[in-house]
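Remarks on the overall topology
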Amino acid sequence: MEIFEVKDKIFTINQTMSAELTGHLPKPQMRGLLHSTIKRNLILTGITVVLSGCYMRFIYGDGNKRAYANFYLNYDAEKEFTRMRKKGLFDSCDPDDNE
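About the thresholds
- Residues numbered from 1 in each chain as written.
- Predicted model: local features only at pLDDT ≥ 70, side-chain atom pairs only at ≥ 80, totals over all residues.
- Heavy atoms only, no water.
- Helix = DSSP H or I, 4+ residues; strand = E, 2+ residues; numbered from the N terminus.
- Areas by Shrake-Rupley, 256 points an atom, 1.4 Å probe, with all protein chains shown as cover.
- Polar contact = N/O pair within 3.5 Å; in protein donor to acceptor, adjacent residues only side chain to side chain.
- Salt bridge = Lys/Arg side-chain N within 4 Å of Asp/Glu carboxyl O.
- Buried < 20%, exposed > 50% of the residue type's maximum accessible area, 1.4 Å probe, protein only.
- Phe/Tyr/Trp six-rings, centres within 6.5 Å; stacked < 30°, edge-to-face > 60°.
- Patch = residues over 30% accessible without salt bridge, like charges linked within 9 Å, V, L, I, M, F, W, Y side chains within 5 Å.
- pLDDT = per-residue confidence, 0-100.
- Contact = heavy atoms within 4.5 Å.
- Expected span 1.5 Å × (residues − 1).
- Bend = angle between axes of the 7 residues up to and from the residue.

1. With respect to the overall build of the protein chain
Scanning the protein chain from N- to C-terminus turns up three helices and zero strands. Within the structure as shown, the protein chain displays about 9,800 Å² of accessible surface, and the carbon and sulfur contribution to it stands at 62%.

2. Brief notes about the side chain of R85
Checked against the element boundaries, R85 lands in helix α3 (residues 77–87). Separated by 3.4 Å, the side chain of R85 and the backbone oxygen of P95 make a polar contact.

3. Describing the pattern of salt bridges
Charged atoms that come close allow side chains of opposite charge to pair. Summed over the entire model, instances satisfying the criterion amount to two salt bridges. Between R57 and D62 there is a salt bridge; the shortest N-O distance is 3.1 Å. Judged by its relative accessible area of 45%, R57 is partly exposed. Among the salt bridges present, the one from E80 reaches R83, with a minimum N-O distance of 2.7 Å.

4. Some thoughts on the packing of aromatic side chains
The full count for this structure, using the stated rule, is four aromatic pairs. Relative to Y72, the ring of F71 lies with its centre 4.9 Å away and its plane at 80 degrees, an arrangement referred to as edge-to-face. One aromatic cluster in this structure is built from F71, Y72 and Y75.

5. A closer look at a nonpolar patch on the surface
Taken together, the side chains of Y55, M56, F58, I59 and Y60 define a hydrophobic patch exposed on the protein surface, amounting to about 560 Å² of accessible area. Positionally, F58 belongs in helix α2 (residues 33–73).

6. Remarks on the confidence of the model for the protein chain
In the predicted model, the protein chain carries a mean pLDDT of 82, and 74% of its residues have values of at least 70. Taken element by element, the protein chain is modelled with least confidence in helix α1 (residues 2–22), mean pLDDT 57, and with most confidence in α2, mean pLDDT 94.

7. Some points on the environment of C93
Residue placement: C93 occurs in the segment after α3. Note on C93: relative accessible area 12%, which makes it buried. Excluding residues within four positions of it along the chain, C93 makes contact with F81 and R85.

8. Some remarks on α2
The terminal C-alpha atoms of α2 lie 58 Å apart, and with 41 residues this matches the ideal 60 Å at 1.5 Å per residue to within 8%. The axis of α2 is deflected most strongly, by about 30 degrees, at G61.

Spelled out as structure tokens, the structure:
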């Protein structure tokens, strides 16, 4: 009978430990599950859209504006035209045309 008593004690210890670890299990949501899931997904989508918009506006967009501004700060269109004309890239004017 000692074996049975030991098994009962082990079972009792395991049962109390598992009850302490898991606690009280909540009941599953049977009504309104779709509504609550859609509501949660819409909130997360809204947050994602706002964060993405802020990233595109302030980080990506302003960075491109700065890069274009720095490029055109020292850009000489006449010099570029002359360089391309001398390479012969234009059909409408000769490469050696002196204007």
